[in-house]
Amino acid sequence: MSCQKAALELNTGSQPGPKSPERTEDVTAFEDYGTGLLENQLSVCDFVKIQKAFESPEPRKIICMSREDFTQKMTEIVGWGTKEEYGELFDKVDVAQDGFINWDKLTSFILLELYEQDERAKATVVPQWKDLEFLPVKHKDNIQKVIFLKSSSHYLTISKEGLLAIWGENLKLQETFPITSDATKLKHLWVTSLVSLENVNKIAVAFTSKEICFYDLLSKEEFACQYKLQGLKGTPICMDYWYDPLDANESILSFGDITGKVQAIAFTAALISLFERPASACEDGEGTMTINWAELLSGCHKCCHILEHKLHQGDWVRQVTYNASLDAIISSTTSNTNSVVLAWREKSKTHLNMTSFNIAQGIHAFDYHSRLNLIATAGINNKVCLWNPYVVSKPVGVLWGHSASVIAVQFFVERKQLFSFSKDKVLRLWDIQHQLSIQRIACSFPESQDFRCLFHFDEAHGRLFISFNNRLALLAIKSDASKRVKSHEKAVTCVLYNSILKQPSQCEEDTNEEPYDN
């Protein structure tokens, strides 16, 4: 938290006691947390007085105070508050029970308190949404995936019939074209999934032909197919890709198929080449290198190795992801046995140890929050459950409120909140800490009992995408400009630094230059 923001959290007046903040209609109990505590009533002027009490006339000498000294001096210096209140403050600061505190300990405690208050405030903020908007898509069949390419600031959507659409960051449709030029082939296969390989500027597309094709985003030809992985035993229907931000050579492509098998390709030299060129590899007329899955299993490619398990025992794997903080591949099915499987990588990185959750009636989807260390599951039984990945016996929390099967969940990571979407087209936002529903939105989709839904929240842009078969809806969070700290009412046109006054001077539209001292 910045010093400026911390200062803004404190009362600026010199009078004792807390200032009464303006109340809004959406007041909650959390907003009033701790307003009666002494540390929340101290003003900036009070802290200046306290700081002077800790200052030593001798340079580099640290002043420490015992509990008795602190309570006595603070009541005299600050001029308000009881000895009991300052004693309670002393005890909170002296967590190690050393019997004394100094200025550094006190300020560290205050900053931590402000940080925790800020975190609590974030967790209870309800986003304000713009009106639901349907994007002008050209897809004829179910939309299978929405991704954002950070390198080019474009969105990609792909549908079951193989139509790939490119959108600008402003969500204007720029171009559409079939993912393969073989029109005859597209009549006999469907696209099942799409992932972005950001570290190597590629995308991977899975097909019902038991193939995964890798397309080069930097090729002169748009989305030229560079590798074609063939010979998979089951049709891959979900994929996920991760790479190490500290070493982009290390990456993992994981996927699940209709036979219940979870497989992953761990790349070790991704920036050089995803696959080696074995003797049996061949290229077609378009320069695509074909690789057989059996070759990867045999270890012919030294730049990658295979991880796999069959714990889902024939059930379709609906979702799969690799999480680096757990060093595990998480997968799920709609079965009530082994509903969620965590495949932990051993130290050798080539073998997996499995643990699983058995969830009544199974789940549609899951999401994992690494900072909270929680897995959220979208239950077919209308419940959203929160799980500790190391405790498989029962969930640590259950979120009640949906009246239909939950088909999607996704964490709002920064605010430590959770989105859930149910089959009756109701969107809920949950406060994870208190396990309460803080927002409910009924989405106006066409009436239909049988539909395919895709749910994707782009947190960086505050955009929530929900597909309904071949239609794509957008819910965008309104920018909260009212809470931003502003130094000027109008646009700032120039900033100059005055070396004599040691402060910046700023000009705004239609006004003379005015110095601003912050």
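These numbers were taken from a predicted model, which means no experiment stands behind them. Each chain carries its own residue numbering, running from 1 in the written order of its sequence. Per-residue local features of the predicted model are confined to residues with pLDDT of at least 70, and side-chain atom pairs are confined, for both listing and counting, to 80 or more; whole-chain, interface and lining totals are unaffected and use all residues. Note: side-chain values were computed over all heavy atoms of the structure, leaving out hydrogens and water.

Draft legend 1. The state of the cysteines, seen in detail. Only a pair of cysteine sulfur atoms within 2.5 Å qualifies as a disulfide here. Inspection of the entire model under this criterion finds zero disulfides. Not engaged in a disulfide, the cysteine cysteine 304 finds its nearest cysteine sulfur in cysteine 303; these two sulfurs lie 4.6 Å apart. Owing to a relative accessible area of 7%, cysteine 304 belongs among the buried residues under this scheme. Here's how the labels work: a residue is buried when its accessible area is under 20% of the maximum for its type, exposed when over 50%, partly exposed in between, all with a 1.4 Å probe on protein chains only.

Draft legend 2. Inspection of the sheet that holds strand E26 (residues 406-412) at higher detail. One requirement defines pairing of two strands: DSSP has to find at least two bridges between them. Only DSSP runs of H or I with at least four residues qualify as helices, and only runs of E with at least two residues qualify as strands; both kinds are numbered from the N terminus onward. Strand order in this open sheet of four strands is E26-E27-E28-E29, and the pairing throughout is antiparallel. In this open sheet, the two strands that pair with only one neighbour each are E26 and strand E29 (436-442). Strand-to-strand, the axes of this sheet are offset by a mean angle of 20 degrees, without reference to chain direction. The sheet contact formed by E26 and strand E27 (residues 417-422) spans six bridges and is antiparallel. Looking at the pairing, valine 406 lines up with serine 422 of E27. Axes here mean lines fitted to C-alpha atoms, for a helix over just the part in contact, with angles spanning 0 to 180 degrees between N-to-C directions.

Draft legend 3. A look at the UniProt feature "domain: EF-hand" (unreviewed entry) in the protein. UniProt positions are given in the numbering used here, feature names are shortened, and annotations may be inferred rather than shown by experiment. In the UniProt entry, the feature "domain: EF-hand" (unreviewed entry) is given for residues 81-116. Secondary structure across residues 81-116 comprises 69% helix and 6% strand; the distance between its end C-alpha atoms is 24 Å.

Draft legend 4. Structural context of the pairing of strand E32 (residues 471-476). In terms of burial, E32 is a largely internal element, five of the six residues being buried. Both strand E3 (residues 133-134) and E32 contribute to a ladder of two bridges, which runs antiparallel. In the strand pairing of E32, glutamate 133 is matched with leucine 474. Both strand E31 (residues 463-468) and E32 contribute to a ladder of six bridges, which runs antiparallel. Following the sheet pairing, arginine 463 is matched in E32 by alanine 476. Here E31 folds back onto E32, and the loop between the two strands holds two residues, one of which, asparagine 469, carries a positive phi near 60 degrees.

Draft legend 5. Region of interest: the sheet that holds strand E7 (residues 173-178). Strand order in this open sheet of four strands is E4-E5-E6-E7, and the pairing throughout is antiparallel. Bordering the open sheet on either side are strand E4 (143-149) and E7, each of which pairs with just one other strand. Adjacent strand axes in the sheet meet at a mean angle of 15 degrees, parallel and antiparallel pairs treated alike. As paired elements, strand E5 (residues 154-159) and strand E6 (residues 163-167) share four bridges and run antiparallel to each other. Looking at the pairing, threonine 157 lines up with alanine 165 of E6.

Draft legend 6. Geometry of the pattern of salt bridges. In what follows, salt bridge is the name for a side-chain nitrogen of Lys or Arg lying within 4 Å of a carboxyl oxygen of Asp or Glu. For the structure shown, the criterion picks out five salt bridges. Aspartate 91 serves as the salt-bridge partner of arginine 67, at 3.0 Å between the closest nitrogen and oxygen. On the criterion of sequence distance, the pair formed by arginine 67 in helix H4 (residues 67-78) and aspartate 91 in helix H5 (residues 83-93) is long-range, its members being 24 residues apart. Exposure remark for aspartate 91: the relative accessible area of 43% places this residue in the partly exposed category. A salt bridge links aspartate 98 to lysine 105, with the nearest nitrogen and oxygen atoms 2.9 Å apart. Looking at lysine 105, the relative accessible area reads 26%, which means it is partly exposed. Shared partners join several salt bridges into a network, and the residues in it are Asp327, Arg345 and Lys349.

Draft legend 7. Representation of the packing of H4 against H5 within the structure. In the contact formed by H4 and H5, the axes pass within 9 Å of each other and the chain directions differ by 125 degrees. The orientation of H4 relative to H5 falls into the category oblique. Crossing of H4 over H5 shows right-handed handedness. Where H4 approaches H5, its residues Arg67, Phe70, Thr71, Gln72, Met74, Thr75 and Val78 are matched on the opposing element by Lys83, Tyr86, Gly87, Glu88, Leu89, Phe90 and Asp91. We call two directions roughly parallel when the angle between them is under 35 degrees, roughly antiparallel when it is over 145, roughly perpendicular when it lies between 65 and 115, and oblique otherwise. Put simply, a crossing is left-handed when the front helix is turned counterclockwise from the back one by less than a right angle, and right-handed when it is turned clockwise. Working rule for contacts: check all heavy atoms of both residues, and any pair within 4.5 Å makes them a contact.

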